[in-house]
Amino acid sequence: MIRSRSLAVAALALAAPAAAQQVDPADWDAVLAAAEGQTVYWNAWGGDPRLNDYITWAGDRVAEEYGVEVEHVKLSDTATAVSTVLSERSAGQDEDGSIDLIWLNGENFAAMKENDLLFGPWAEDLPNWALLDPEANPALTEDFTVPVEGLEAPWSMAQVVFYYDSARVDEPPTTIPALLDWTEENPGRFGFPQPPDFLGSTFLKQALLGLAEDTGPLYAPVDEADYEAVTAPLWTYMEALTPVLWRQGQAYPQSGPAQHQLVADGEIDIAISFNPGEASAAIANFELPESVRTFVLDGGTLGNASFVAIPYNASATAGAMVVANFLLSAEAQARKQDPAHLGVPTVLDVADLPEEDRALFEEIELGVATLAPEELGETLPEPHPSWMERIEEDWERRFGTGTP
């Protein structure tokens, strides 16, 4: 999952726009006909060269098969795209918007849904929706506790793992308290990206889940809970952890790829990831040493799905649906799961695929550093999106002095 600090869109009291129903999503032949010749401006995080290469490949395939061009608008912050849609709505630009597809989830989706900034419903009308099993995987239809209701289509699964250099670490810590103990014994050898980078914010949530006496309040809006009481164990923990982080918490790696470099350079020994195949993919691309391995925490780790959504005023709604449908194809999902490309887990129900498509996944070598599915342990659902925003703000106030 890639995301950053969401905009406070609820503060903008704008009239709800009418969705631009340019084509009926249920009439797929009409969608294909309308999509041909369109250019889809896909706003997606651009901070990972392998991901950028994958999006380029997907765009080439969509152009080849359907006559739809894809332009990757590379973002450092998903909220930038949300801001653009808001600005266009404020200016009355309810058609011919500059964004056709956005990679988002969490609080950015919640904000766009609440403020009627999304086209749809459409996702469940995609032909390749039939390749999913939402009943077995509720993350496909519930985004950080918020019902998706067909307003975005999944394209990636994610689960928190940690990776470490086994040449320098014999036994990695497998609980949040044990991670603090290990870091105190090995000061400077653990770090995480600076919130609101999604990995840094995810570490804070994972730590809170591992420390809170009662996690129930995390799955309802934050203003319905005693925030100070629920998060007190997290801030006590961070007070102890921050001084023994990489560079004593005075600076932070700014992204997941920056973490890679720190491990590769021998500056840190343990890092966090939201992709169980990331370490193997990095090893295959000579970005991490072959001694790197993956581990998870006892009791489970956070997991979610990433989605693509279409703004209400998109210019190329049909083309965007065609791109989203291709991203759900067995071809696209198998390539993404292959560590030679990305190593990202699929959203598809592989066991129920036709034999030819299932073979694409069976042929994938997951890599030396990738845990088997049964080794990943329990997947913990994401808290309500309002918790991430409040925790990010609180962390910034307490600890956010680090600079690159």
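Enquirer: Looking at this structure, I do not really get the packing of helix α2 (residues 49–66) against helix α10 (residues 317–327). What am I missing?
Expert: Working note: a packed helix pair is described by the angle between its axes plus the distance between those axes. At a minimum axis distance of 10 Å, the contact between α2 and α10 shows a crossing angle of 115°. Our classification of the angle between α2 and α10 gives roughly perpendicular. The chirality of how α2 crosses α10 is right-handed. Of the residues in α10, those touching α2 at Y54, W57, A58, R61, V62 and Y66 are V322, V323, F326 and L327. Here the contact of α2 with α10 is composed, by residue class, of 9 nonpolar, no polar and 1 charged.

Enquirer: Is there a simple way to explain the sheet that holds strand β7 (residues 161–165) in this structure?
Expert: The pairing of strands in a sheet comes from backbone hydrogen bonds and takes either a parallel or an antiparallel form. Across the sheet, 3 strands lie side by side as β8-β7-β9; this open sheet has antiparallel pairing. In the strand order of this sheet, the two ends are held by β8 (270–273) and β9 (292–295), each with one partner. Direction aside, neighbouring strands of the sheet carry axes that sit 30° apart on average. As paired elements, β7 and β8 share 4 bridges and run antiparallel to each other. The residue bridging V161 from the neighbouring strand is S273, located in β8. On the sheet, helix α8 (residues 256–264) packs against β7, β8 and β9 and is oriented at approximately 25° with respect to β7.

Enquirer: For this particular structure, what's the right way to read the side chain of E152?
Expert: Position of E152 among the secondary structure elements: in strand β6 (residues 152–159). Buried and without a salt bridge, E152 has K113 as its closest oppositely charged side chain, separated by 8.5 Å. E152 has contacts with L104, F109, W122, A123, D143, F307, V308 and A309, leaving out every residue within four places of it along the chain.

Enquirer: Which parts of the structure should I look at to understand the pattern of salt bridges?
Expert: Opposite charge on two side chains allows them to pair when their charged atoms are near. Per the counting criterion, the structure on display carries 13 salt bridges. The partner of R61 in a salt bridge is E64, and the shortest N-O contact between them spans 3.3 Å. Here the residue R61 and the residue E64 both occupy positions in helix α2, the gap between them amounting to 3 residues, near one helical turn. R61 sits in the buried class, given a relative accessible area of 14%. Relative accessible area serves as the criterion here: at 60%, E64 is assigned to the exposed category. Here R61 and E331 are joined by a salt bridge, their closest N and O atoms 2.7 Å apart. Here R61, found in helix α2, pairs with E331, found in helix α11 (residues 330–337); they are 270 residues apart in sequence, far enough to count as distant. If you follow the salt bridges from partner to partner, you end up with R61, E64, E65 and E331 in one network.

Enquirer: What is the right way to look at the packing of aromatic side chains in this model?
Expert: Here the distance between the centres and the angle between the planes together describe a pair of aromatic rings. Here the structure, examined in full by the defined rule, presents 16 aromatic pairs. Ring geometry for F190 versus F192: centroids 6.2 Å apart, planes at 50°, classification tilted. For F190, a relative accessible area of 0% puts it in the buried group.

Enquirer: What is the right way to look at the confidence of the model for the protein chain in this model?
Expert: Note: predicted coordinates in regions of low pLDDT should not be interpreted at a detailed level. Of the residues in the protein chain, 94% reach a pLDDT of 70 or more, and the chain-wide mean stands at 91. pLDDT under 50 marks residues 1–21. Its contacts with residues more than four places away, or in other chains, come to 71 contacts.

Enquirer: Would you take a moment to explain the pairing of strand β1 (residues 39–45) for this structure?
Expert: For a regular strand, side chains alternate in direction, first toward one face of the sheet and then toward the other. In terms of burial, β1 is largely enclosed, as 5 of its 7 residues are buried. Here β1 runs beside strand β2 (residues 69–75); their pairing, made up of 7 bridges, is parallel. Paired with T39 across the two strands is E69, which belongs to β2. Inspection of the sheet shows β1 paired to strand β3 (residues 101–104) by 2 bridges, in the parallel sense. Bridged to W42 within β3 is L101.

Enquirer: For this particular structure, what's the right way to read helix α13 (residues 385–399)?
Expert: Given 3.6 residues to a turn, an α-helix orients residues that are three or four positions apart in the same direction. Look at α13: 21 Å from first C-alpha to last across 15 residues, which is about the 21 Å you get at 1.5 Å a residue. Elements in contact with the buried residues of α13: α4 (106–114), β5 (146–147), α6 (198–211) and α7 (227–241).

Enquirer: I'm lost on unusual backbone geometry in this one. Help?
Expert: In the segment running from G120 into P121, the intervening peptide bond is cis, with an omega of 10°. Topologically, P121 is positioned in the loop between α4 and β4 (142–143). P195 connects to P196 through a cis peptide bond whose omega is 15°. Within the element layout of this structure, P196 appears in the loop between α5 (176–185) and α6. Of note, D96 is a non-glycine position whose phi angle comes to about 55°, a positive value. Mapped onto the fold, D96 is located in the loop between α3 (78–90) and β3.

Enquirer: Hey, could you run me through the environment of V323 in this one?
Expert: Position of V323 relative to the elements: it lies in helix α10. The exposure class assigned to V323 is buried, which follows from its relative accessible area of 3%. Each C-alpha atom, one on V323 and one on V308, is 9.5 Å from the other, the two residues being 15 residues apart in sequence.

About the thresholds
- Residues numbered from 1 in each chain as written.
- Predicted model: local features only at pLDDT ≥ 70, side-chain atom pairs only at ≥ 80, totals over all residues.
- Heavy atoms only, no water.
- Axes fitted to C-alpha atoms, helices over the stretch in contact; angles between N-to-C directions.
- Helix = DSSP H or I, 4+ residues; strand = E, 2+ residues; numbered from the N terminus.
- Parallel < 35°, antiparallel > 145°, perpendicular 65-115°, else oblique.
- Left-handed = near helix turned anticlockwise from the far one by under 90°.
- Contact = heavy atoms within 4.5 Å.
- Nonpolar A, V, L, I, M, F, W, Y, C, P; charged D, E, K, R; others polar.
- Pairing = 2+ DSSP bridges.
- Buried < 20%, exposed > 50% of the residue type's maximum accessible area, 1.4 Å probe, protein only.
- Lys, Arg positive; Asp, Glu negative; His and termini not counted.
- Salt bridge = Lys/Arg side-chain N within 4 Å of Asp/Glu carboxyl O.
- Phe/Tyr/Trp six-rings, centres within 6.5 Å; stacked < 30°, edge-to-face > 60°.
- pLDDT = per-residue confidence, 0-100.
- Expected span 1.5 Å × (residues − 1).

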